[in-house]
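Chain by chain, the residues run as shown.
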Amino acid sequence: MEYKLTNDLLRSIPAMEIMLNAAWAAEFCTSLGRETVKKTIKDALDEIRGELRGGQKDSTPIEELVAKRTAAKLSLKQSSTLKPVVNATGVIIHTNIGRAPLAKDALDAVTKIAGAYSTLEYDTASGGRGGRNAHVERLLCALSGAEAALVVNNNAAAVLLALSATANGREVIVSAGELVEIGDSFRIPEILSFSGAKMIAVGCTNSTHIKDYSDAITEKTAVLLKVHPSNYRVEGFVKRTQRQELSELASQHGLVFMEDLGSGLLANIAVPYTATGSSEGEIPVQECLNDENCSNVVTFSGDKLLGGPQIGVIAGSKAIINKLKHHQLLRAVRVDKMTLAAFEATLRLYLCGKENEIPIINMINTDKSVLRKRAQRLCSRLKSTTANFDISVVETEDAIGGGAFPTGVLAGYGVAISADHSKDDAEHQGISPVDGGRPYSASKLAASLRGAAVPVISAIRNERVILHMRTLLDGDEKLIAAALLNYGHL
Ligand SMILES: *Cc1c(COP(=O)(O)O)cnc(C)c1O
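What you see is a predicted model, and the numbers here were worked out from it, not measured in a lab.

Q: Would you take a moment to explain the environment of Arg-374 for this structure?
A: By secondary structure assignment, the location of Arg-374 is in helix H17 (residues 368-385). Residue Arg-374 is classed as partly exposed on the basis of its relative accessible area of 25%. A sequence separation of 40 residues divides Arg-374 from Gly-414, and the C-alpha atoms of the two residues are 8.4 Å apart. Those residues in contact with Arg-374, other than ones at most four positions away along the chain, are Thr-366, Met-469 and Glu-477.

In structure tokens, the structure reads:
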């Protein structure tokens, strides 16, 4: 009986042609092509057949079941998973949501270069081969004071290449207090080992003296390495060796002094942060390189404090950079034309003193009073959008992020959203009771905002959703209003 029923159901599956011509399939055929729709219907059918044979039953008519299953699969294919989001977290450089949004000039440069042939590696004067690095090297040297510079895929690659080329098979001395891990995939000890260098950790977590380094130098030593502590701070008694001392020590012994700066601060910005606890500001790249010592190199990211695309820079001694330029690994970590175009345009903004056109620099420099006005405007807009919530302007603590100034806080403004409990539950129409019958919880609202067509990423504080103004871009306020309106209709 059961067997017969399943067979009847299987037989009742309509013919492929009929399903392909159904109204629900037409739109997908236009956007994704008939072949894709056909293949997806087949996949859905295979799944459903398997389920029916396995004894799973569903009261939905089979034709509808196939249509639903196929449409769900096709919708996933139709919408990309990499899409823009609204950053209302107040964290300016947020690695998970793409670090630095690019400046308009950088976007224009990408569009121009990516859609055409270009002089990427072509010298128009000779008609022969040119170098892709040349497009940014001069600019980097002018801005940082370096003799030479080389760009690669990201800072992790910069550190790896620099160490591979200068220390392979030899020893690298680094402070035990600087064996940093960044974003769970970049660890100084692992990178050192991967580069073929032997790590010699000296000193203690909170204290390393210049003598610790000099005592560890042997004939096998190649590099003295200093690493920016980026995402953490050691508080209390801390002794760190100064770069000047290390640079001199390296020079005396004919060694390379390499410094991983993490965030490359090029702008002359006096970051208006109030430090909580011990803090060490970001040192501009220029200052780290203005040393007579010619065997120094620094590495830094292009998409952190610099505000450009994902890229890694190695800058400093010409002799060392030349070695890197001829290393086999360079080909594996080289930079794409779109990245180069965006980076060159970003560097030009620095050169012309137009740093404020770089979104993250502008966000850092935006005054609290401006943020307050924007918060008031967003607050009114949201209040006129929905009456279901308590919406108010609040002060916020924003952060630079990306490992820069981890203990520093930027004072800002935002909009807080919480349930309006003075209202009868019946007024929360369309909002299903959650969390013990309450119609609203901050985490539920935050999840709903993330589920909008353009996801809004917010913060939660004291059971309220907080939308930080500092990290919003033009047009985001409209998207937030749309996302909020959508609440309860998911
Ligand atoms: C961020 C960071 C890195 C990694 O840089 P990516 O550009 O993400 O590869 C390496 N070192 C330090 C000190 C950093 O802060």
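Q: Sorry if this is basic, but what is going on with the side chain of His-228 here?
A: Of note, His-228 is situated in the loop between strand S10 (221-227) and helix H11 (243-252). The buried category is assigned to His-228, whose relative accessible area is 11%. Leaving out residues up to four positions away in the same chain, His-228 has contacts with Val-180, Arg-233, Asp-260, Leu-261, Gly-262, Glu-282 and Gly-403.

Q: Looking at this structure, how should I read H11?
A: Each turn of an α-helix holds 3.6 residues, which means side chains three or four residues apart point in the same direction. Taken residue by residue, H11 has Leu-246, Ser-247, Leu-249 and Ala-250 as its buried positions. The buried residues of H11 all sit within an arc of 165° when viewed along its axis, so they share a single face. Contact partners of the buried residues in H11: helix H10 (210-216), S10, strand S11 (256-263) and strand S13 (296-301). Following H11 by one or two positions, Gly-254 adopts a phi angle in the positive range, close to 65°.

Q: Looking at this structure, I do not really get the packing of helix H8 (residues 155-167) against helix H13 (residues 318-325). What am I missing?
A: In a pair of packed helices, the angle between the axes and the distance between the axes together describe the arrangement. Contact pair H8 / H13: the axes reach a minimum separation of 9 Å and the direction vectors enclose 100°. The orientation of H8 relative to H13 falls into the category roughly perpendicular. Packed against H8, whose contacting residues are Leu-161, Ala-162, Ala-165 and Thr-166, the element H13 presents Ile-320, Lys-323 and Leu-324 at the interface. The residue inventory of the contact of H8 with H13, partitioned by class, reads five nonpolar, one polar and one charged.

Q: What should I look at first to understand the site of the ligand in this one?
A: Around the ligand, a shell composed of Arg-99, Asn-154, Asn-155, Ala-156, Ile-182, Phe-186, His-228, Ser-230, Asp-260, Gly-262, Ser-301 and Lys-304 is seen. Contact between the ligand and Ala-156: an oxygen atom at 2.8 Å from a main-chain N or O atom of the residue. Of the residues that constitute the shell around the ligand, the class distribution is three nonpolar, six polar and three charged.

Q: Would you mind showing me how to read the sheet that holds S10 here?
A: In any sheet, the strands associate via hydrogen bonds between backbone groups, in a parallel or an antiparallel arrangement. Pairing is mixed across the open sheet formed by seven strands, whose spatial order is S5-S14-S13-S11-S10-S6-S9. Here the strands that pair on one side only, and so sit at the sheet edges, are strand S5 (148-152) and strand S9 (198-202). Between one strand axis and the next, the sheet turns by 20° as a mean value, whatever way the strands run. Of the strand pairs in this sheet, strand S6 (residues 171-175) and S9 are connected by five bridges, and their pairing is parallel. Looking at the pairing, Ser-175 lines up with Val-202 of S9. Sheet strands touched by H8: S5, S6, S10, S11, S13 and strand S14 (312-316). Its angle to S11, the strand with the most contacts, is close to 175°.

Q: Sorry, what's going on with the pairing of strand S16 (residues 408-419) here?
A: Of all 12 residues making up S16, 11 are buried, and the element is well covered by its neighbours. In this sheet, S16 lies alongside strand S15 (residues 389-401) in antiparallel orientation, the contact comprising 10 bridges. When the sheet's bridge partners are listed, Thr-396 is paired in S16 with Gly-412. By the bridge criterion, four bridges tie S16 to strand S19 (residues 464-468) in an arrangement that is antiparallel.

Q: Explain the pattern of salt bridges to me, please; I cannot follow it from the model alone.
A: Side chains bearing opposite charge may pair, as long as their charged atoms lie close to each other. The full count for this structure, using the stated rule, is 21 salt bridges. With a closest N to O distance of 3.1 Å, Glu-137 and Lys-325 form a salt bridge. Taken together, the residues Glu-137 in helix H7 (residues 134-144) and Lys-325 in helix H13 connect sequence positions 188 residues apart. By relative accessible area, which is 16% here, Glu-137 ends up buried. Between Glu-178 and Lys-226 there is a salt bridge, with its nearest N and O atoms 3.4 Å apart. Of the two residues, Glu-178 sits in the loop between S6 and strand S7 (181-182) while Lys-226 sits in strand S10, which places them 48 residues apart along the sequence. The class for Lys-226 is buried, based on a relative accessible area of 8%. Three or more residues joined by partner-sharing salt bridges are found here, namely Glu-47, Glu-51, Arg-69 and Lys-73.

Criteria and thresholds
Residues numbered from 1 in each chain as written. Predicted model: local features only at pLDDT ≥ 70, side-chain atom pairs only at ≥ 80, totals over all residues. Heavy atoms only, no water. Helix = DSSP H or I, 4+ residues; strand = E, 2+ residues; numbered from the N terminus. Buried < 20%, exposed > 50% of the residue type's maximum accessible area, 1.4 Å probe, protein only. Contact = heavy atoms within 4.5 Å. Arc of directions from axis to C-beta. Axes fitted to C-alpha atoms, helices over the stretch in contact; angles between N-to-C directions. Parallel < 35°, antiparallel > 145°, perpendicular 65-115°, else oblique. Nonpolar A, V, L, I, M, F, W, Y, C, P; charged D, E, K, R; others polar. Near = heavy atom within 4 Å. Polar contact = N/O pair within 3.5 Å; in protein donor to acceptor, adjacent residues only side chain to side chain. Pairing = 2+ DSSP bridges. Salt bridge = Lys/Arg side-chain N within 4 Å of Asp/Glu carboxyl O.

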